[in-house]
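Remarks on the overall topology
Below are the chains, spelled out letter by letter.
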Amino acid sequence: MGLNAGSAKDSLDAKHALTEADIARQNNLYDQLLCFNPDYQIEPGLAETVEASEGATVWTIRLRSGVEFHNGKALTARDVAFTFKYLLDPKHAAPAAARLSDINPKGIEVVDDLTLRLRFKSPFSVFRDVVADLGSAGIRVIPEGYDPANPVGTGPFKVQSFEPGVRSLFVRNENYWRADGPYVDELEMINFTDDSARVNALLSDQIDALANLPGNQMRIIEANPAYKLINSETGAWNPFTMRMDVAPFDDNRVRQAFRLLVNREQMVQQVLAGQGSVANDIFARYDPGYAAELPQREVDIDQVKSLLKQAGQEGMSAELVTSPVSSGLVPAAEAFVQQASLAGVTLKLRQVEPATFFSQFFLVSPLSQTYWGTRNYLLQTMDNMLPDSAFNETHWADDEWLKIVKEGFREVDDAKRAELVRAAQTIEYERGGFINWGFYNKLDVVKANVEGIVPDKGGIALTSYSFRRAWLSS
Amino acid sequence: MARMVFQRFWTGFFVLFLVSVCVFFATQILPGDAAQAILGRDATPERLEILREQLQLSGNPIVQYWTWLSSVLQLDFGTSLANGRPVADLLGARIVNSLILMGAAALTGIPAALMIGVMTAYWRDGVLDHGVTVVTLVLSALPEFVIATSLILLFATGIMKVLPATSTGSPVLSYPLQMVLPALTLALAIAPYIIRMMRATMIDVLESDYVQHARLSGLSERKVVFRYGLVNVLGAVAQVAALQLAYLAGGVVVVEYVFGFPGIGTALVDAVGNRDLPVIQAICLFIAVFYIVINLVADALTAFANPRVRHAGR
């Protein structure tokens, strides 16, 4: 199996998945309490149920029985309690800690061997989303006394060997608790820093599965019966970000103009090779409250010119900072520069390498880019739109919106929460700072004899890297 | 002779010191530090602070350099900032892999280039000579990644599927086939210059008086070419071959990257991205040592081949 984006900083430590290669390995080594299935619906995992009471300030987790860690120890509620404490320990600086920060430190209570109760400082209706997320801030369950040097989980595969940034060899967990899988005896994951090296490895039969096929290579694969293309529609988005607290983007007319400037259809064709769909500046398309009924924004040069004129920004210029921190960002920025020039707007492209981007430009530049996977709305706002969010790229601060969203975090009724999400999205559509031009498809490839890998809306490659599903047909 | 080697040895040490200073200051200029590079987008102020403390990144850079230098003098290269493993463990296997790769490229490329050089000089202006001239010109005009990609297309993914296109990270000697294409790429990169130098020098020698004399004395052509011709060319060609070998240490970075070969090249690219200073320093020092040693050996060879230089120190 060929992974991209590995590095010497790769780690199996459940406290964080820093690279995509980490997500791939950790999703096979550990399990979660719940998990999103390929249709982006929450399914039980190690927990049979996760239920709210007392207005979503108390969550009760009931574990399934008979689950064993790789070292033979039985899974109990004490392990799950340890997991939450491990992630919340400030020394570990785990990314998941921000999502769990409302847990009352004294409110982690082991009720019995298989029941754990968590008390929150304030209502937290999206807890199920948090524990089902399979991405970099996933909650991966570890045993009490966990030692990252000897990583033990309950996952479908056990570690045999691991060389950061190079490769790892996992073997099947014979005592796995799920009935469907794992099927393959060994799982070898190899890092390829270079996109073409990864594709070449597939074409010369060195790997059976490839994560994240570059869009421009799609035709080669489609034409070849030896491979199957896994084309997944996702909710992942790579928007442009406008800082709403500084000129010129503090003026909503300028933001509206920029949102009408981008040719979304052309973006999807050029940047995603047609493998994606046009978006309408809002995100979280699989959220039950997604405001799909809002009129689709189209490119409108006359309107752009008139809005900019009203704002006194006719023929304006701005710097657009881009970086290859996620695939497709730089091509999108290049395309945007072209499209802007049609309306007399001059965008100066500044491309910097990733470490420079995050240390000097991210969250700072008035006009830049970001990247996010599939999320439901409220969970996503925790990352980048709330006052205490770590990554508020657009410096969004809207009281009316915040009131609605806070109500959403308190609302346990799914239908009512969806209504609140819809209202919040409408506000963001009217005056937000994201230019979300599209949701991209994830393209993965497996050899014709690899079965079980299916399209996944979650935005993580190869069915969220759940290789327990995979088997080889003869 | 011994004094020359001794002197060069100390100059070499001084050069290494300068290299380490340059690398250190170059990495200080790079925006962001290891903590930032490791965390990427997750670099919230709190997490940065914790990680910086764990990695001991805060503090005076000059003091940091001094600490590093004094442990290197005791042959302790420190631990990688990216994953906390000792640099020596991390790079040991990779250095061996790269040396094997460069060795394979040199051992195939240089003798073949020397032979072809002699042949084109001997049968100059023939079909072989013209053919070789065209091929070497084309090869020397192509960047390595183009040669690499063409070889992959030819032998691994397109026309024939006989060799692996990339390395899968397993130790080189456990699966030597993964080395064929990268070694061939490097050999093709260094051969053209050696061929052309060899040809030019050999032509000079073959037209020299002593070769004419040897011919007139009735020696066989083989003896003329190999005993009188080749021996006198080697001194000059040793310098060229050394330059090309030294070039290999740098060229290997690009070629390893294209083939995903687990050597120092891929490690260097990754370490720069991670701002992993101890690893960057160790790799640069290794490449510098390689340059110095190769040049030293070449000078010694030249001196040995040339009686005037050989006896000059007396």
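Residues numbered from 1 in each chain as written. Chains lettered and ligands numbered in written order. Predicted model: local features only at pLDDT ≥ 70, side-chain atom pairs only at ≥ 80, totals over all residues.

A look at the overall build of chain A
- Scanning chain A for helices and strands turns up 15 helices and 22 strands.
- For chain A, whose C-alpha radius of gyration is 23 Å, the value lies close to the compact-globule estimate of 23 Å for 474 residues.
- With respect to the three principal axes, the spread of C-alpha positions in chain A is 70 × 60 × 35 Å.
- Counting the 474 residues in chain A, one finds 54% classified as buried.
- Contacts in chain A between residues at least 24 apart in sequence constitute 70% of all its contacts with a sequence separation of at least 6. (Helix = DSSP H or I, 4+ residues; strand = E, 2+ residues; numbered from the N terminus. Rg over C-alpha atoms; globule rule 2.2 N^0.38 Å. Buried ≥ 20, exposed ≤ 12 C-beta atoms within 10 Å, placed from the backbone. Contact = placed C-beta atoms within 7 Å.)

Observations regarding the overall build of chain B
- The number of helices and strands found in chain B is 13 helices and zero strands.
- For chain B, the succession of helices and strands along the chain, N to C, is α-α-α-α-α-α-α-α-α-α-α-α-α.
- The buried share of chain B, taken over its 314 residues, is 37%.

Side note on the interface of chain B and chain A
- Between chain B and chain A, the contact holds 39 residues from the first and 33 residues from the second.
- Taken together, the elements giving at least two residues each to the side of chain B that touches chain A come down to helix H2 (34–39), helix H3 (45–55), helix H7 (144–157), helix H10 (221–259) and helix H11 (264–274) of chain B.
- For the side of chain B that touches chain A, the leading source of residues is H11 of chain B, giving six residues.

Section: the sheet that holds strand E7 (residues 115–120) of chain A
Residue and element names in this part refer to chain A.
- Read across the sheet, four strands follow the order E4-E5-E7-E6 without closing on themselves; strand pairing throughout is antiparallel. The sheet is open, and its two borders are formed by strand E4 (47–53) and strand E6 (103–112), each paired with just one other strand. The sheet shows a mean angle of 20° between the axes of neighbouring strands, taken without regard to direction.
- Docked against the sheet, helix H2 (residues 77–88) engages strand E5 (58–63), E6 and E7, running at close to 170° with respect to E6. (Pairing = 2+ DSSP bridges. Axes fitted to C-alpha atoms, helices over the stretch in contact; angles between N-to-C directions.)

What about unusual backbone geometry?
Residue and element names in this part refer to chain A.
- With an omega dihedral of 0°, the bond running from glycine 181 to proline 182 counts as a cis peptide bond.
- Mapped onto the elements, proline 182 comes out in the loop between strand E9 (167–172) and strand E10 (186–192).
- Residue proline 248 follows alanine 247 across a cis peptide bond; omega there is 0°.
- You can see proline 248 is positioned in the loop between strand E13 (240–242) and helix H7 (252–261).

A short note on the nonpolar core
- Judged by nonpolar contacts, the single largest core of 211 residues is most densely connected at Leu33 and Leu261 of chain A together with Leu186, Ile194, Met198 and Ile283 of chain B.
- Non-local contacts of leucine 33 of chain A, meaning those with residues more than four positions away in its chain, are made with Gly45, Leu46, Ala47, Val50, Ile61, Val131, Ile139 and Val141 of chain A. (Core = buried A, V, L, I, M, F, W, Y, C linked by C-beta atoms within 7 Å.)

Overview of helix H10 (residues 329–341) of chain A
Residue and element names in this part refer to chain A.
- End to end, H10 covers 19 Å across 13 residues, agreeing with the expected 18 Å (1.5 Å per residue, within 8%).
- Turning to H10, its buried residues are Leu329, Ala332, Ala333, Phe336, Gln339 and Ala340. Across the axial projection of H10, the buried residues extend over an arc of 125°, all falling on one side. Residues of H10 that are exposed and point over 90 degrees away from its buried face: Gln338 and Ser341. (Expected span 1.5 Å × (residues − 1). Arc of directions from axis to C-beta.)

With respect to the pairing of strand E8 (residues 157–163) of chain A
All names here are of chain A.
- Where E8 and E9 come together, six bridges link them in antiparallel fashion. Pairing of serine 161 across the sheet is with leucine 169, part of E9.
- Where E8 folds back onto E9 in an antiparallel hairpin, the turn is made up of three residues, including glycine 165, whose phi is positive at roughly 75°.

Describing the packing of helix H5 (residues 87–122) of chain B against helix H12 (residues 277–305) of chain B
All names here are of chain B.
- Interhelical geometry of H5 versus H12 gives an angle of 40° and a closest axis separation of 10 Å. On the basis of their axis angle, the class for H5 and H12 is oblique. Between H5 and H12 lies a crossing whose hand is right-handed. On the side of H5, the interface is formed by Val87, Leu90, Leu91 and Ile95, while H12 contributes Pro278, Val279, Ala282, Ile283 and Phe286.
- Among the residues making up the contact of H5 with H12, the classes are represented as nine nonpolar, no polar and no charged. (Parallel < 35°, antiparallel > 145°, perpendicular 65-115°, else oblique. Left-handed = near helix turned anticlockwise from the far one by under 90°. Nonpolar A, V, L, I, M, F, W, Y, C, P; charged D, E, K, R; others polar.)

Points about the environment of glutamine 310 of chain A
- With respect to the helices and strands, glutamine 310 of chain A occurs in helix H9 (residues 301–310).
- Considered as a pair, glutamine 310 of chain A and arginine 253 of chain A are 57 residues apart in the sequence and their alpha carbons are 7.7 Å apart.

Things to note about the environment of alanine 24 of chain A
- For alanine 24 of chain A, the position within the fold is in helix H1 (residues 20–29).
- For the pair alanine 24 of chain A and leucine 462 of chain A, spaced 438 residues apart in the sequence, the C-alpha separation amounts to 9.1 Å.

Some points on the pairing of strand E15 (residues 317–322) of chain A
Residues and elements named next belong to chain A.
- Sheet analysis places E15 next to strand E16 (residues 346–351), joined by six bridges and oriented parallel. If you follow leucine 320 over to E16, its bridge partner there is leucine 349.
- Taken together, E15, H10 and E16 form a β-α-β motif whose crossover is right-handed. (Right-handed = clockwise from strand over helix to strand, strands pointing away.)

Here's the deal with the packing of H7 of chain A against H9 of chain A
Residues and elements named next belong to chain A.
- At a closest axis distance of 9 Å, the pairing of H7 and H9 adopts a crossing angle of 165°. As far as their axial angle goes, H9 and H7 are roughly antiparallel. Of the two possible hands of crossing, H7 and H9 adopt the one that is left-handed. Facing Arg253, Val254, Gln256, Ala257, Leu260 and Leu261 of H7, the residues of H9 in contact are Gln303, Val304, Leu307, Leu308 and Gln310.
- Class assignment of the residues belonging to the contact of H7 with H9 gives a composition of seven nonpolar, three polar and one charged.

With respect to the sheet that holds strand E18 (residues 434–435) of chain A
Residues and elements named next belong to chain A.
- Strand order in the open sheet formed by three strands is E17-E13-E18, with antiparallel pairing between adjacent strands. Of all strands in the sheet, those with a lone pairing partner are strand E17 (367–369) and E18, marking the two edges.
- Where E13 and E17 come together, three bridges link them in antiparallel fashion. In the sheet register, methionine 242 faces E17, and the bridge partner there is leucine 367.

A word on the confidence of the model for chain B
- Looking at chain B as a whole, its pLDDT mean stands at 84, while 97% of the residues score no less than 70.
- Here the prediction assigns the complex a pTM of 0.85, and the interface score ipTM is 0.76. (pLDDT = per-residue confidence, 0-100.)

Some thoughts on the environment of proline 105 of chain A
- Considering the arrangement of structural elements, one finds proline 105 of chain A in strand E6.
- Linking proline 105 of chain A and lysine 85 of chain A, residues 20 residues apart in sequence, is a C-alpha distance of 8.3 Å.

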